[in-house]
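Structural characterization, general
These are the residues of each chain, in order.
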Amino acid sequence: MLMKKKALLVSVCSAAIALPAHAQEAADRPDPTEIIVTAQRTSQRLQDVPVAVSAFSNELLEKQQIKNPLELQLALPNTTITYGNFSATNITIRGIGSPVVAASGDAGVGIHFNDMPLVASRIFDSEFYDIERLEVLRGPQGTLFGRNATAGVFNIITAKPDLSGFKASGEASYGNYDAVQAKGMVNLPLSDIAGVRFSGMYLKRDGYTTNINTGNKIDGRDYYSLRGSFKIEPSDSTRFTLSAQYFKEDSNRSRGQKQLCATDPTAILGCRPDSEAFGAINGDATAVGTLASREFLTIAGFGPLAAFALGSVYADDGNAYDTSINPSDVRKVAIDYEPTWKSEQITIQAELQQKFGNLTATINGGYSRSDYSSTLDYNLTTTRSILDNPGLVALRAAGAGGNPIANAILNSGVFRGNQICSSRFDPLDAGYLAGRISQCSNNTNENDYSGGHNEQWSIEGRIASDFDGPFNFLLGGLYLKATGRDIDYAVMASGFDYMSAFLGAVTAYGAGLPSLNYGMGPPFFHSDTSRSELKTYGIFGEAYVKLADNLKLTGGLRYSNDKKFIRARQPFLNVLTPFGTSDVTALLRNFDGDSSKPGQQTFAEQQGTFDALTGRVVLDWKPELSFTRDTLVYASYTRGNKPGGFNPPYDPNLFPPIPLTFKGETVDAFEIGTKNTFLGGGLQLNATAFYYKYKDFQVSRIINRTAFNDNTNAKIYGVELETIIRPSRAFTINASLSYLKTKISDFSTVDTRDPANGRSDAVIIKDLQSAANCVVAPTVKGSVPIESTLALVNGFNAAAGGGLIRPAVQVPGTNSYGAFSLCGALGSFIRDNTPAGTYLFDAGAGGGFFLPGGVERNIRGNELANSPNWKFSVGAQYDAELGGGWVISPRLDLHFTGNSWGSNFNTIRDKIPSYEIVNAQFTLTSPEDRFFARAFVSNVFDTQAITGKYITDPSSGLFTNIYTLDPRTYGISAGFKF
């Protein structure tokens, strides 16, 4: 099928390029698709810019049914866009994106609003409307857009007031999913020199996904946006514009579409590493499963109270998810917690441009503030009923018999009758302890929260020359300050609340307190970044020298300086808290948020400075050729940089030595390209080839609920082709084709899904306290028989667990055995009872056995995540005149994205299948384009296109979250323009 479609594309393009004789009708006419861009911070024709850049006018976006940034990727070479696990958007251009997971990290793609850079913006939550143009620069932008732009730049240029006269437009549409959308614009001149423009849009639709538990539709949208702009031009040499945009969304949009898992029956991993399926995790592999298990409570010394455990980690009595339903249709889920999505942003931007003879000075800057929050059913399924749970039956019986600990738990607020409740996230960390309940039900439930507040100020000044001679220049400087507050990620679970009440009552009882009405707070896992700060400045300049009338040399440099600060912690079940306490953060003053430093710190604070010198050299040539109207040939070298950041705080007794910071990235990019216009405008053909040396690219791994970021190297190369073909005035074809090859140079790390790395002489350990995994393996592969390792592990478990912990078993999907145990104690036992150097991870800080331990895998030669080898897009439109000036325009677009990987490990669970999206529409336009009516279908064949994947950590069961494009939508719209 794929080869047929590739062949079809080649034949279409070949036929179009070999234009028929009547194509000369298109010659010597104005180019209707000509777009002026500012990719080099000055207005230029797209075909004159020696940069790989794609540009879309408002009309082109509408023609190709590109309604938002997520859909834009379909029409862009070597570009992918996907949502991620923590509310962010991951944009990847030519293999480079933003895989780093850290509040102090940066994206590889710079986002600009009217040339103003945006940091931590929610702009990709928005919809396109009243756009002058959208520019996408591919490749590192080491001078003019230097900060962060190792991959490229998205620059959204909104429409400004037109002083030539009153104008207005409007459009309304209705479609399936009861989708209603309206957008409009009014342009009003105030005088000959000033004017205003107002525009806005509204979108509301039902959800794409059905929750079969409730019958409700989820993944819907309720969104609106408003924009106003003002322009004054008192003279030909002075222009001032001011733009303000606001949008707000309050939806039940789902951050994750579906969860994939081939269930691991042993619960050592939770999901098998060798396959994907529409199953559910083995709940005994999770932190809830281990903490609330009979095995852990017994080993932890709680004696008879272990009868109150919610279950056992062994599957012979089932696990919380063994009755779960996970439909194979990605548009159906069976969840007990329905999602929420709230997003709000205001952006104010201004630009003053003043000409002084042959010099033009520009000042651009403004302010942006964004708030967002989203919640999601953490496991995207439903656990079994707890009404007959043996542990809770024993708890109620003990309470009826007067057991004070049982009664304290039953009266804690975790229960409403026989139903169990879960905390609602609150920044004061109290949850159920203050009566802040998410929901109560007959089964346990889990949900997560991701949210935060960001704001920024920036100002940039530039001065550019326009001399008649061979030399010109551009000089500039940028200053930006950004602040993030309350950037939170939290996981709430009724099992966590239950253990909070259990541990609180037991602790109070052991301390001899007169009341047992206590819980341990916070009752949910909380990754709490209370503040992050960025102060950055850059000084840049470029010189342009005409070596001949048609030959130009460009050289540029930029110095960037980033000062970063972050204050963060990860509290969870740390402090004894009386029931009714509304603010657990006050009690956390005695919590040590950074045990890597001596003394007690409420938060871990890190700060540092990252700077870099980048730039570019470009040689471009415009040969005069008889068979082209315009030809540009260019070659360039560019160095781009993205600053480093800070890894989160961690306990050095639980983790191996990990650097507090991760380094910045550097990209050395070599590129050659050509832009051509043939047949008097009948054929536009642009091509680019590139090679990158990618140094210290930032990659993340999630271990024990903590993200760590490493650096490694890669090589990238590829080609891109974009063309617009007009065989006649009425017929237009646009097409793009790209090929990308990425290769990791040399990097060894642990794949948490198979921490033994396929070794048959290893035993994978599931830690009963943290639900993390560690590994017992000989230091030299095969040097110790597996029978000896099994005897060692099983002997320790029999002694430490009083025979409660069972012997190791074969873990499906691996070559290794697995067992439940206590990693720290087991590591100390191995250190003290085996010769030094016999087993891996038997030495280091504290001499312990480290939780994130595993056998490293070298992924040299693997491809980078979210980087499909092949992409192509082709669209065709025919404008048929009906008489009287009426025109009907059928249009068809085909977009293909090839196979890619969801992580750098390139395993079967990482594979993202190729997909095709077909869009179609018919538009009827009145004379002079005053009115139009349109019928449209997007994603004609209802392709379930996956754009990205996220693998969670061992304490969550190693499930895979997937993110998708919209299903098939269709409808009608009508509008006017005058």
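Residues numbered from 1 in each chain as written. Predicted model: local features only at pLDDT ≥ 70, side-chain atom pairs only at ≥ 80, totals over all residues. Heavy atoms only, no water.

This paragraph deals with the sheet that holds strand β14 (residues 217–218). Across the sheet, 3 strands lie side by side as β14-β13-β18; this open sheet has mixed pairing. For this open sheet the edge positions go to β14 and β18 (332–333), each flanked by a neighbour on one side alone. (Pairing = 2+ DSSP bridges. Helix = DSSP H or I, 4+ residues; strand = E, 2+ residues; numbered from the N terminus.)

This brings us to the sheet that holds strand β6 (residues 109–113). Sheet architecture is open: 5 strands sit in the order β3-β8-β9-β6-β7, paired in mixed fashion. Both outer strands of the open sheet, β3 (53–57) and β7 (116–118), are each paired with one neighbouring strand and no more. Across the sheet, the axes of successive neighbouring strands diverge by a mean angle of 20°, strand direction being ignored. Two strands pair when backbone bridges link them, and β3 and strand β8 (residues 131–138) are joined in this way by 5 bridges, in the antiparallel orientation. Directly across from A55, in β8, lies its bridge partner E135. (Axes fitted to C-alpha atoms, helices over the stretch in contact; angles between N-to-C directions.)

To continue, consider the pairing of strand β9 (residues 152–158). Among the 7 residues of β9, 7 are classified as buried, and the element is accordingly described as predominantly covered. In terms of strand pairing, β6 meets β9 through 5 bridges, oriented parallel. Paired with F113 across the strands is I156, a residue of β9. Of the pairings in the sheet, the one linking β8 to β9 comprises 7 bridges and is antiparallel in character. Residue pairing for β9: L134 is matched across the bridge by I156. (Buried < 20%, exposed > 50% of the residue type's maximum accessible area, 1.4 Å probe, protein only.)

Below, the discussion takes up the packing of aromatic side chains. One pass over the full model with this rule turns up 28 aromatic pairs. Plain terms: the ring middles of F415 and Y498 are 6.1 Å apart, the flat faces sit at 85° to each other, and that makes the pair edge-to-face. Remark: Y498 occurs in helix α8 (residues 494–510) and F415 occurs in strand β21 (residues 415–416); sequence separation between them is 83 residues. On the basis of relative accessible area, F415 is assigned to the buried category, the value being 7%. With 5.2 Å between their ring centres and 25° between their planes, F872 and F896 make a pair best called stacked. Of this pair, F872 sits in strand β44 (residues 870–878) while F896 sits in strand β46 (residues 886–897), placing them 24 residues apart in sequence. (Phe/Tyr/Trp six-rings, centres within 6.5 Å; stacked < 30°, edge-to-face > 60°.)

Buried within helix α6 (residues 390–400) are the following residues: G391, L392, L395, A398 and G399. Down the axis of α6, the smallest arc covering the buried residues is 120°, so these residues share one side. Turned more than 90 degrees away from the buried face of α6 sit P390, A397 and A400, all of them exposed. Buried residues along α6 sit in contact with α7 (404–410), β21 and α8. In this structure N389 caps α6, since a side-chain oxygen of it lies 2.9 Å from the backbone nitrogen of G391. Within two residues after α6, G402 carries a phi angle of roughly 95°, on the positive side. (Arc of directions from axis to C-beta. Contact = heavy atoms within 4.5 Å. Polar contact = N/O pair within 3.5 Å; in protein donor to acceptor, adjacent residues only side chain to side chain.)

Core analysis: the largest hydrophobic core is formed by 76 residues, its most contacted members being I409, Y498 and F502. Of all the elements in the fold, those that place two or more residues in this core are α4 (287–291), α5 (294–299), α6, α7, β22 (419–423), β25 (471–493), α8 and β26 (518–521). Ranked by residue count, the leading element in this core is α8, at 9 residues. Dropping the residues within four chain positions of it, Y498 is found in contact with F308, L310, L392, L395, I409, V414 and F415. (Core = buried A, V, L, I, M, F, W, Y, C linked by side-chain atoms within 4.5 Å.)

With respect to burial, β6 is a largely interior element, 5 of its 5 residues being buried. Side-chain alternation along β6 places V109, I111 and F113 on one buried face and G110 and H112 on a second face that is also buried. Alignment of β6 against β7, held across 3 bridges, turns out to be antiparallel. Counterpart to H112 in the pairing with β7 is P117. Counting the residues that bridge the hairpin from β6 to β7 gives 2 residues, and of these N114 lies at a positive phi of roughly 55°.

Attention now moves to a nonpolar patch on the surface. Together, F166, V186, L188, L190, F931, F976 and F978 make up a nonpolar patch on the protein surface, roughly 660 Å² of accessible area in all. Accessibility expressed as a relative area gives 48% for F166, which makes it partly exposed. (Patch = residues over 30% accessible without salt bridge, like charges linked within 9 Å, V, L, I, M, F, W, Y side chains within 5 Å. Areas by Shrake-Rupley, 256 points an atom, 1.4 Å probe, with all protein chains shown as cover. Salt bridge = Lys/Arg side-chain N within 4 Å of Asp/Glu carboxyl O.)

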